[in-house]
Amino acid sequence: MPDNGAPIGVFDSGVGGLTVAKEIMAQIPNERIVYFGDTARVPYGSKSKATITKFTKQIVRFLMTQDVKALVIACNTMSAYAIDEVEKEVSLPVIGVVKPGARVAVSQTKNKRIGVIATEGTIGSGMYERFITNIDPTVNVLGKACPLFCPLVEEGMLDDPVTDEVARRYLKELMDQDIDTLIMGCTHYPLLAPALKRLVGDKVRLVNPAYETARELKEMLTENGMLNDKPFNEQGKDHEFYVSDLADKFTRFAAEILDNNGINTRKVDIETY
Ligand code: DGL
């Protein structure tokens, strides 16, 4: 069993999971993160369940070689399709992003009309709808797949007229249906939050599941006596970042998102796991 000083494994298909890593760093700053982004095979959102499950298992096997004490699936698509498989594969605590996101959206909606924007995979899995209506069966869940958002984010087009136009087309249908809450159901999307907010205005609350996911992780580590109580700067080790391709591009992106110029990213041949 790993000790409390062991890191947390956090993973995504690319840079999106950094939005979750950032929130974990803010809420539980003593915890060290080993991050993996599958930049060679992103996007996952339009791939089949079988492929996503296979990729997820490879990432989990890699992270297990890093002696992590818990796993955070910082990707809605992998959480929706493969969390059960991950739980079967490892005996560590595993936290996904879908359930925490569903919970916070239900607590926020007033008119019980919740929009979900996510990948084709996440929308197709029906997971958000299932979790939301389990909590409150009277809520209407309106899903919209936004397959172009992930590539736009991976290309760094966060503030760009092309992204604004794509967002306008995707969101129109949901806005016409009078939603008052919108779940950013892909960990890449919070990076588009300013553009999304401009479109939906003050009437619609944007839900970023990352905050609630980090809170749930903190709660789980606390309840299980697994928190790292040594201050981060006394641990003599830093967060670690791994990708399956284009390490330098990832480093530049991560430096910006995490506001940290000391990031060093290593490339892993994930197909061998
Ligand atoms: N960031 C991921 C998610 O939360 C996946 C995006 C993708 O690879 O398509 O769903």
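See the structure shown above.
The text that follows walks through the structure, step by step, so that each part is easy to find. (Residues numbered from 1 in each chain as written. Predicted model: local features only at pLDDT ≥ 70, side-chain atom pairs only at ≥ 80, totals over all residues. Heavy atoms only, no water.)

## Description of the site of the ligand
If you check the shell around the ligand, you find 14 residues, and the closest are Ser 13, Tyr 44, Asn 76, Thr 77 and His 188. The side chain of Ser 13 places a nitrogen or oxygen atom 2.6 Å from an oxygen atom of the ligand. Between the ligand and Asn 76 there is a distance of 2.7 Å, counted from an oxygen atom to a backbone nitrogen or oxygen. Protein contact buries 99% of the 300 Å² of open area that the ligand shows by itself. Judged by the fraction of its atoms near the pocket grid, the ligand is located in the largest cavity. Here the residues of the shell around the ligand are counted per class, giving 6 nonpolar, 7 polar and 1 charged. (Near = heavy atom within 4 Å. Polar contact = N/O pair within 3.5 Å; in protein donor to acceptor, adjacent residues only side chain to side chain. Areas by Shrake-Rupley, 256 points an atom, 1.4 Å probe, with all protein chains shown as cover. 1 Å grid on protein atoms, 1.4 Å probe; cavity = no way out; pocket = protein on both sides within 12 Å on 5 of 7 lines; lining within 4 Å. Sits in = over half its atoms within 2 Å of the grid points. Nonpolar A, V, L, I, M, F, W, Y, C, P; charged D, E, K, R; others polar.)

## What to know about helix 2 (residues 49–64)
The first and last C-alpha atoms of helix 2 sit 22 Å apart over 16 residues, in line with the 22 Å expected at 1.5 Å per residue. Of the residues making up helix 2, those classed as buried are Ile 52, Thr 53, Phe 55, Thr 56, Gln 58, Ile 59, Val 60, Phe 62 and Leu 63. Those residues of helix 2 that are buried lie in contact with strand 1 (8–12), strand 2 (33–37), strand 3 (70–73), helix 3 (76–89) and strand 9 (240–243). (Helix = DSSP H or I, 4+ residues; strand = E, 2+ residues; numbered from the N terminus. Expected span 1.5 Å × (residues − 1). Buried < 20%, exposed > 50% of the residue type's maximum accessible area, 1.4 Å probe, protein only. Contact = heavy atoms within 4.5 Å.)

## Things to note about the layout of surface pockets
Roughly 260 Å³ of volume is contained in the largest pocket. No other element matches the 4 residues that helix 11 (residues 247–258) contributes to the lining of the largest pocket. (Points joined across faces, edges and corners; volume = space filled by probe spheres on them.)

## Things to note about helix 6 (residues 127–135)
Along an α-helix, residues three or four positions apart point the same way, because every turn accommodates 3.6 residues. Taken together, the buried positions of helix 6 are Met 127, Tyr 128 and Ile 132. The buried residues of helix 6 occupy an angular sector of 120° when projected down its axis, which confines them to one face. (Arc of directions from axis to C-beta.)

## Here's the deal with unusual backbone geometry
Of note, the bond from Val 42 into Pro 43 is cis; its omega dihedral lies within 30 degrees of zero at 0°. Tracing the backbone through its elements, the reader meets Pro 43 in the loop between strand 2 and helix 2. In this structure, Asp 178 is a non-glycine residue whose phi angle is positive, near 60°. Structurally, the position occupied by Asp 178 is in the loop between helix 8 (161–176) and strand 7 (181–184). One non-glycine residue, Leu 246, lies in positive phi territory at about 50°. As for its position among the elements, Leu 246 is in the loop between strand 9 and helix 11.

## Describing the pairing of strand 3
Burial of the side chains of strand 3 extends over both faces: Ala 70 and Val 72 are buried on one face and Leu 71 and Ile 73 on the other. The sheet contact formed by strand 1 and strand 3 spans 4 bridges and is parallel. Bridging across to strand 3, Val 10 finds its partner in Val 72. By the bridge criterion, 2 bridges tie strand 3 to strand 4 (residues 94–95) in an arrangement that is parallel. Looking at strand 4, one finds that Val 72 is bridged to Ile 95. Tracing the backbone out of strand 3, into helix 3 and back to the parallel element strand 4 gives a crossover that is right-handed. (Pairing = 2+ DSSP bridges. Right-handed = clockwise from strand over helix to strand, strands pointing away.)

## As for the side chain of Asn 228
Positionally, Asn 228 belongs in the loop between helix 10 (209–223) and strand 9. A distance of 3.4 Å separates a polar atom in the side chain of Asn 228 from a polar atom in the side chain of Gln 235. Setting aside residues no more than four positions away along its own chain, Asn 228 makes contact with Asn 4, Gly 5, Asn 30, Glu 31, Lys 69 and Gln 235.

## Thoughts on the packing of aromatic side chains
Counted according to the given criterion, the structure contains 9 aromatic pairs. Consider the rings of Phe 62 and Tyr 242, whose centres lie 5.1 Å apart with planes at 70°: the pair is edge-to-face. Remark: Tyr 242 occurs in strand 9 and Phe 62 occurs in helix 2; sequence separation between them is 180 residues. Like Phe 62, the residue Tyr 242 is buried in the burial classification. Here Phe 149 and Tyr 170 contribute two aromatic rings whose centre-to-centre distance is 5.1 Å and whose plane-to-plane angle is 90°, an arrangement assigned as edge-to-face. Taken together, the residues span a long stretch of sequence, with Phe 149 in helix 7 (residues 149–154) and Tyr 170 in helix 8 at a distance of 21 residues. Judged by its relative accessible area of 0%, Phe 149 falls in the buried class. Residue classification places Tyr 170 among the buried positions, given a relative accessible area of 12%. Within the aromatic cluster, the residues linked to one another by ring pairs are Phe 36, Phe 62, Tyr 242 and Tyr 273. Note that Arg 41 overlies the ring of Phe 55, its terminal NZ or CZ placed 3.6 Å from the centroid. (Phe/Tyr/Trp six-rings, centres within 6.5 Å; stacked < 30°, edge-to-face > 60°. Lys NZ or Arg CZ within 6 Å of the ring centre and 35° of its normal.)

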